[in-house]
Amino acid sequence: MQKKSYLGLAALALGLLWCVPAQAADEKENVETGSAVLIYEEDTLYFVKGENLYSASLDEGGAPCDPVLEGSFDAQAEQIGIWDGCLYVQLETGIFRMQMEDGLNFQEVQQLTEDTASASFQIYGDALYYRYGYRICRVPLEGGEAEELLTSVYDFVLTGDGLCYMDTDGGLYLASLDGKNREFLEDSTEENQLEMSGSDLFFWQEEGDCVYQYSLSDGALQELKMEDKLSKYYFYVLEDYFLFDTSDYEEFLYDRNTGETLSAAITEIPFTYMGAVKGNSLYYVCEQEDDLLYWYDAESDSEETCSLAEASDGNSGGGEASPGDSEDDTSEDPE
């Protein structure tokens, strides 16, 4: 991809909003967010592609290597998460749980809900949270009935001490984990996507040219001007960069330290929950049919691939998962 550079503008405005409760300052720590690719114990990737679950090691330089085919599901796998010795997976038929303690057994799965999350599911404590349409629901990890917490929600992130969410009117709120208590934070006038890094929330509008950075620790709001109009669903917050698609389907890097904007030499910027961020690296799989795992490094603006055609067979649990026949499905679609 041809390289080009622009002078980006620095932050335009810094305003102080009311102080949020101190507990909201906690980072998104001890929260597992579902993704097609996830980083496990710093040096291992787990990821899904089609109906298959893979793992891969990360070498000292961060490159993925030694892919392993862990097993196959009986339906398209969309996202996974690992929490307290269990693997959680969203298939086209719902969200399921598998024990990992003695190796993944694809014949023993538990269905938590027939719902499918509209974006990333998130796990904290003893429950899995997800957005189903415009509702936030949660279901116990041990199985049980799904509970509706909030309605008219466009997007949300879970901090461990609260639900930060954008409603369908563009209001930004912080709610308790049960959804019963909520505080108004900011009005963005339009519905926005949300991302979180550290104790900061980031949100932006489709066709807009600004990214807003809201600090949960002190309520400060910062407006970052972009050189191009943003797309809605293809945006990642790296340690030192924003990686994003424009509304014209061009890929860019925004350097958060210098304000400089550069074109990014990446095959494609994946949909929001198709990739995993580690520092200034993005690991992702493409929606297109290929047998590749991608690694993009923003610092060098370079990309490498790992061929899944060479994956070894690590399916010690045997066979395909058959979640449609799983037991202990006690959850219901919340009305």
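Residues numbered from 1 in each chain as written. Predicted model: local features only at pLDDT ≥ 70, side-chain atom pairs only at ≥ 80, totals over all residues. Heavy atoms only, no water.

Draft legend 1. Seen up close, the pattern of salt bridges. Applying the stated criterion to the full structure yields 6 salt bridges. A salt bridge links E142 to R97, with the shortest nitrogen-to-oxygen separation between them at 3.4 Å. Taken together, the positions of E142 in the loop between β14 (135-140) and β15 (147-150) and R97 in strand β10 (residues 94-99) put the pair 45 residues apart, joining distant regions of the chain. Overall, the relative accessible area of 61% leaves E142 in the exposed class. Residue classification places R97 among the buried residues on the basis of a relative accessible area of 10%. (Salt bridge = Lys/Arg side-chain N within 4 Å of Asp/Glu carboxyl O. Helix = DSSP H or I, 4+ residues; strand = E, 2+ residues; numbered from the N terminus. Buried < 20%, exposed > 50% of the residue type's maximum accessible area, 1.4 Å probe, protein only.)

Draft legend 2. Quick peek at the sheet that holds strand β12 (residues 122-124). In space, the 5 strands of this open sheet follow the order β3-β12-β13-β14-β15, with antiparallel pairing throughout. Looking along the sheet, the strands with just one partner apiece sit at the ends: β3 (32-33) and β15. Inspection of the sheet shows β3 paired to β12 by 2 bridges, in the antiparallel sense. Counted as the bridge partner of E32 is I123 from β12. (Pairing = 2+ DSSP bridges.)

Draft legend 3. Region of interest: the nonpolar core. Within the largest apolar cluster, 48 residues are counted, with the highest numbers of intra-cluster contacts made by F47, L53, F73, L87 and L243. With residues near it in sequence (within four places) discarded, F47 still touches A36, V37, N52, L53, Y54, S55, A56, I80, V285, L293 and L308. If you look at the next biggest cluster of nonpolar residues, it comprises 14 residues, including W83, C86, F121 and C137. (Core = buried A, V, L, I, M, F, W, Y, C linked by side-chain atoms within 4.5 Å. Contact = heavy atoms within 4.5 Å.)

Draft legend 4. Inspection of the confidence of the model for the protein at higher detail. This prediction gives the protein a mean pLDDT of 84; 84% of its residues lie at or above 70. A low-confidence stretch, residues 1-27 (pLDDT under 50), is modelled with 76 contacts involving residues beyond four sequence positions or located in other chains. Across residues 324-335, confidence stays below pLDDT 50; counting only partners more than four residues off in sequence or on other chains, it has 35 contacts. (pLDDT = per-residue confidence, 0-100.)

Draft legend 5. Just the sheet that holds strand β18 (residues 171-175), in detail. The strand order β16-β17-β18-β19 describes an open sheet built from 4 strands, whose pairing is antiparallel. The open sheet has two edge strands with one neighbour each: β16 (153-158) and β19 (182-187). When the angles between neighbouring strand axes are averaged without regard to direction, this sheet yields 25°. Alignment of β18 against β19, held across 5 bridges, turns out to be antiparallel. Bridging across to β19, A175 finds its partner in R182. (Axes fitted to C-alpha atoms, helices over the stretch in contact; angles between N-to-C directions.)

Draft legend 6. Structural context of the pairing of strand β7 (residues 64-72). Relative to β7, strand β6 (residues 52-58) is paired through 6 bridges, and the arrangement is antiparallel. Bridge pairing in β7 links S55 to V68. Connecting the antiparallel pair β6 and β7 is a turn made up of 5 residues, with G62 showing a positive phi of about 95°. The pairing of β7 with strand β32 (residues 312-313) spans 2 bridges and is parallel. In the sheet register, V68 faces β32, and the bridge partner there is S312.

Draft legend 7. Here's a closer look at the packing of aromatic side chains. Under the defined criterion, the tally for this structure stands at 16 aromatic pairs. For the ring pair F47 and Y54, a centre distance of 5.4 Å and an interplane angle of 15° mean the geometry is stacked. The burial state of F47 is the same as that of Y54; both residues are buried. Judged by centre distance (5.2 Å) and plane angle (40°), the ring pair of F235 and F242 falls under tilted. Of the two residues, F235 and F242, neither departs from the other in class, the shared state being buried. Members of the aromatic cluster, joined through ring pairs, are F202, W204, F235, F242, F244, F252 and Y254. The ring of Y173 carries R182 above its face, with NZ or CZ at 4.8 Å from the centroid. (Phe/Tyr/Trp six-rings, centres within 6.5 Å; stacked < 30°, edge-to-face > 60°. Lys NZ or Arg CZ within 6 Å of the ring centre and 35° of its normal.)

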